Amino acid sequence: MTGELELQDVTVRYGDTVAVDGLTATLGDGQIHGLLGRNGSGKTSLLSVAAGFRRASGGEVLLDGQQVFENPGAVRRMCCIRGAGDTVEHDWPGDKVTHALELAATLRPRWDRGWADRLTQRFNLPLRTRLGELSRGQRAALGVVLGLASRAPVTIFDETYLGMDAPSRYAFYEELLADQVEHPRTFILSTHHIEEVASLFETVLIIDDGRLMVHEEADALRARGAAVTGPAEAVDAFTADLDVLATTRLGPTRSDTVYGELDDHHRRDARERGLQLDPVPLQDLFVHLTEATDRAHTHSATAPGGRP
Amino acid sequence: MFDERSPIYRQIAGRIRSEVLSGALEEDEQVMSTTQYATHFRINPATAAKAFAELVDEGVLYKRRGVGMFVAPGAREVLRAAHRARFFDEVVEPMIDQAVAIGVDLDEVVDRIRARQASAQNASQEEVGG
Amino acid sequence: MNAAPQTADRWVLARHRLRDDALGILLLWSGFAAFVFALVFAVAAFRPIELSGWETASQIPRWFAGGMGIYMTAVYLPLYIAHGFTRRESMRQLTVATAGSITLLAVLMTLGYAIERGIYAVAGWPQELVQSHLFDHASNYPLILLEFLLLFTVWAAAGAFAGSAIYRNPAYGLFAVPVGLAMVVVSEAALNPGFLEFVTAIGGWLGVEADGVSVTASLVITLGCLALATPATWLLVRDLPLRNQQA
């Protein structure tokens, strides 16, 4: 089983707008990767290029060392799900849910028909309903079925699974995880809503304004943030040489969110100064990290290809 | 559930350790599989596997090929010994630091401990602090 | 299950498209033919039938061929790209499938004349043609088939060109649709010398009889349109970016 995706200096431009700006990362084989970024941060553009849906304006995308764009051997092993999974809605009479599943069964070399049927039932997808008449949640569920049952060595879900209701989303996570043990593959899940999915990820990529800010193992990232709370002066002295992402004040008390590993020396120092150290949830780290760059430079216009 | 504040594999390992310590998991009892753990708690299977690997290294769990993970014989004692070793660093020292910081007389603390020791001995001989 | 072959069927797209389209074409044609002949009988109740009804009705299927062209690049190509096929693979197989579908449609349209001939013979009506064609009689089947083939080819090629431009960028479509329309007008005009003034000029330029319909002229114009539409379409689709999907 292989499915290592290499992004080398990938750039995506729409006219004068730069959606992805020289991004380099290697997404390891058989892992679940979380791609986090705010709306308009370039997630969709990046994934479109990764899947060969769009040619990069610059840089390269390689799957197991092979160019992806227009390479049959590479694109056949990828499945990028956006919306209802790029199904045809205006193709009467072949535009029902059952036709979309049938098409995937024909075109996806590793399609698992039995699992697709079970997933369809689990998500209550109406087989005889026309694709154009599905609700947002049903469209997302169809996309999820198409992505999961494809068993593509690189399977990408671009955010739309968020359109499902909570029980369906939980069912999705459960099915994905159970299958990952049996048939490991490389997953990329993009999201701007982290709390619920963070525990699924093995690595996390945070992008902002088309640039890669963080690419780390999720567990390592969890250990990298800390909230330092105490008297303002003591906090100030303690965090002077640390990377402070955010500061909040409450009367004489101040709390700094710092980014970076705190060693034993730091911890002892904090204790001696009477400061409290608390871990920071991933979601908060993400918010602070992406806000920090927001302040550094005002946001340029959102890419035209960005999600509305 | 696991929170998003610290490495999840550590939380999993910690949970299993405390289950072994409390006796909720008996020696030679099978623990949940990676798949069960991953799907039940909605966590990455590799993360769960990492926690199991750590516990195998510690001698808390052992693996039976093709069957699964089991609590190692003597695991409870291994954990208690490990906890005892860290007890003073992780519990007593910070407690003393805090007592000093807020102006609690250390003699008072010692007195309180002796009082608890006396009542505990009266109540039951088996009671052990951990 | 992981060891599943990557490409068990090298022509899976063409096969998929042909199967779907052939069935659709057969169904639509059956309905269409039933409707046309029913209409002829209805008219016959009020006035004598003096000419071929099928000839008039055959104006419509060329629009269908154009629609197939548009669907080829604006709908199916993005669909297959999203399902893990390259643009090159998809276009090659879609072209083969569309050629097959057009041929089937042309055969069925030719068959329409034959069926009409039988009906008219029984009813005693004359199967007269009013427009100019590559063929003089409604029973010259090889030339009827050729004319339909050439017409549908130009319509589908023009449709594919316009479809790719519209999908790529609606602004390109504003330019491409008139070009596509010009192609079909020229090819239609080649069959109907009296239809447009400039046909005489085109005929003269091509060195063929301007006042008669020529197989050579039609072939040349069809091939010319293909020679124009094929590279233009490929230029538009060879690096076609899929549109982003709404959440």
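Owing to the predicted nature of the structure, the values given are computational and were not obtained by experimental measurement.

Summing up its helical and strand segments, chain A has 10 helices and 14 strands in all. For 308 residues, the compact-globule formula gives about 19 Å, and the C-alpha radius of gyration of chain A, at 22 Å, lands near that figure. Oriented by its inertia axes, the alpha-carbon framework of chain A measures out at about 70 × 40 × 35 Å. Taking all 308 residues of chain A together, 59% fall into the buried category. Counting contacts in chain A only where the partners sit at least 6 residues apart, residues at least 24 apart contribute 70% of the total. Per element, the accessible surface of chain A, about 12300 Å² overall, is 45% carbon and sulfur.

Below, the discussion takes up the overall build of chain C. Tallying secondary structure elements over chain C gives 8 helices and 0 strands in all. Residues classed as buried in chain C amount to 46% of the 247 residues present. Long-range pairs, those at least 24 residues apart, make up 74% of the contacts in chain C with a sequence separation of at least 6. Surface summary for chain C: the accessible area is close to 11800 Å², and the carbon and sulfur share equals 69%.

All names here are of chain A. Spatial ordering of the open sheet is given by β2-β1-β4-β5, a layout of 4 strands whose pairing is antiparallel. In this open sheet, the two edge strands, each paired with only one partner strand, are β2 (17–27) and β5 (66–67). Bridge count for strand β4 (residues 58–63) against β5 is 2 bridges, and the pairing is antiparallel. When the bridges of β5 are listed, Leu 62 appears paired with Gln 67.

The next thing to look at is the side chain of Thr 155 of chain A. All names here are of chain A. By the secondary structure assignment, Thr 155 is in strand β7 (residues 154–158). Of the polar contacts made by the side chain of Thr 155, one reaches the backbone oxygen of Ala 152; its length is 2.7 Å. Ignoring sequence-local partners within four residues, the contact set of Thr 155 consists of Cys 79, Gly 147, Ser 150, Arg 185, Thr 186, Phe 187 and Ile 188.

All names here are of chain B. It is at 9 Å that the axes of helix α2 (residues 34–41) and helix α3 (residues 45–58) come closest, and there the two elements cross at 125°. Taken as axis vectors, α2 and α3 run oblique relative to one another. In the crossing of α2 with α3, the sense of the turn from one axis to the other is right-handed. Side by side, α2 and α3 meet where Thr 34, Tyr 37 and Ala 38 of the first sit next to Pro 45, Ala 48, Ala 49 and Phe 52 of the second.

Another aspect to go through is the interface of chain A and chain B. Opposite the 23 residues of chain A that make contact, chain B presents 19 residues. Approximately 1800 Å² of surface area, both sides summed, lies buried where chain A meets chain B, with 57% of it carried by carbon and sulfur atoms. Of all residues in chain A, the largest losses of buried area upon contact with chain B belong to Ser 199, Asp 219 and Arg 271 of chain A, amounting jointly to 28% of the total for that side. Across the contact surface, chain A and chain B share 2 salt bridges. With a closest N to O distance of 2.7 Å, Asp 97 of chain B and Arg 271 of chain A form a salt bridge. There are 6 residue pairs in polar contact (both at pLDDT 80 or more) connecting chain A and chain B. Looking at the side of chain A that touches chain B, the elements with two or more residues in it are α6 (166–182) and α7 (218–222) of chain A.

Residues and elements named next belong to chain A. Within the open sheet, the 4 strands sit side by side as β12-β13-β11-β14. Their pairing is antiparallel. Both outer strands of the open sheet, β12 (243–250) and β14 (276–279), are each paired with one neighbouring strand and no more. The sheet shows a mean angle of 20° between the axes of neighbouring strands, direction not considered. Taken together, the 4 bridges between strand β11 (residues 225–231) and β14 define a ladder with antiparallel strand orientation. Residue Ala 226 lies in a different strand from β14, and its bridge partner there is Pro 279. Its contacts with the sheet place helix α8 (residues 232–239) against β11, β12, β13 (253–259) and β14, and it is angled at close to 140° to β11.

Before going further, it helps to spend a moment on the packing of aromatic side chains. The geometry of an aromatic ring pair comes down to the distance between the two centres and the angle between the two planes. Inspection of every chain in the model, using the stated rule, returns 20 aromatic pairs over all chains. Of the aromatic side chains, those joined through ring pairs into one cluster are Phe 157, Tyr 161, Tyr 170, Phe 172, Tyr 173 and Phe 187 of chain A. A cation over a ring is seen here: Arg 224 of chain A above Tyr 259 of chain A, with NZ or CZ 4.6 Å from the ring centre. Directly above the ring of Tyr 9 of chain B sits Lys 50 of chain B, whose terminal nitrogen or CZ lies 4.2 Å from the centroid.

Where 2 pairs of chains are in contact, the pair with the most contacts is made of chains A and C. Looking at chain B next to chain C, you find no contact at all, with the nearest C-alpha pair sitting 19 Å apart.

Overall, the coordinates contain 30 salt bridges over all chains when judged by the stated rule. Among the salt bridges present, the one from Arg 130 of chain A reaches Asp 95 of chain A, with a minimum N-O distance of 2.8 Å. Linking Arg 130 of chain A in the loop between α4 (113–122) and α5 (136–150) with Asp 95 of chain A in the loop between β6 (78–81) and α3 (97–107), this pair joins segments that are 35 residues apart in sequence. A salt bridge links Arg 17 of chain B to Glu 54 of chain B; its shortest N-O distance comes to 3.1 Å. Of the two residues, Arg 17 of chain B is situated in helix α1 (residues 8–22) and Glu 54 of chain B in helix α3; the sequence distance between them amounts to 37 residues.

Before going further, it helps to spend a moment on the interface of chain C and chain A. Chain C puts 34 residues into the contact, and the matching count from chain A is 41 residues. Regarding the contact of chain C and chain A, the summed buried area is about 3400 Å², with carbon and sulfur atoms giving 51% of it. Counting every contact that joins chain C to chain A gives 11 residue pairs in polar contact (both at pLDDT 80 or more). Those elements that provide at least two residues to the side of chain C that touches chain A are α1 (12–44), α3 (61–82) and α4 (87–123) of chain C. Among the elements that line the side of chain C that touches chain A, the one with the most residues is α3 of chain C, at 7 residues.

Per-residue confidence for chain C gives a mean pLDDT of 88, with 87% of residues at or over 70. When the criterion is pLDDT under 50, residues 1–6 of chain C qualifies, and its contacts beyond four places in sequence or with other chains add up to 14 contacts.

Residue and element names in this part refer to chain B. On the surface, a cluster of nonpolar side chains totalling about 270 Å² of accessible area is made up of Phe 87, Phe 88 and Val 91. Relative to the helices and strands, Val 91 is located in helix α4 (residues 75–102). A relative accessible area of 41% places Val 91 in the partly exposed class.

Conventions and cut-offs
- Residues numbered from 1 in each chain as written.
- Chains lettered and ligands numbered in written order.
- Predicted model: local features only at pLDDT ≥ 70, side-chain atom pairs only at ≥ 80, totals over all residues.
- Heavy atoms only, no water.
- Helix = DSSP H or I, 4+ residues; strand = E, 2+ residues; numbered from the N terminus.
- Rg over C-alpha atoms; globule rule 2.2 N^0.38 Å.
- Buried < 20%, exposed > 50% of the residue type's maximum accessible area, 1.4 Å probe, protein only.
- Contact = heavy atoms within 4.5 Å.
- Areas by Shrake-Rupley, 256 points an atom, 1.4 Å probe, with all protein chains shown as cover.
- Pairing = 2+ DSSP bridges.
- Polar contact = N/O pair within 3.5 Å; in protein donor to acceptor, adjacent residues only side chain to side chain.
- Axes fitted to C-alpha atoms, helices over the stretch in contact; angles between N-to-C directions.
- Parallel < 35°, antiparallel > 145°, perpendicular 65-115°, else oblique.
- Left-handed = near helix turned anticlockwise from the far one by under 90°.
- Buried area = accessible area lost by both parts, 1.4 Å probe.
- Salt bridge = Lys/Arg side-chain N within 4 Å of Asp/Glu carboxyl O.
- Phe/Tyr/Trp six-rings, centres within 6.5 Å; stacked < 30°, edge-to-face > 60°.
- Lys NZ or Arg CZ within 6 Å of the ring centre and 35° of its normal.
- pLDDT = per-residue confidence, 0-100.
- Patch = residues over 30% accessible without salt bridge, like charges linked within 9 Å, V, L, I, M, F, W, Y side chains within 5 Å.

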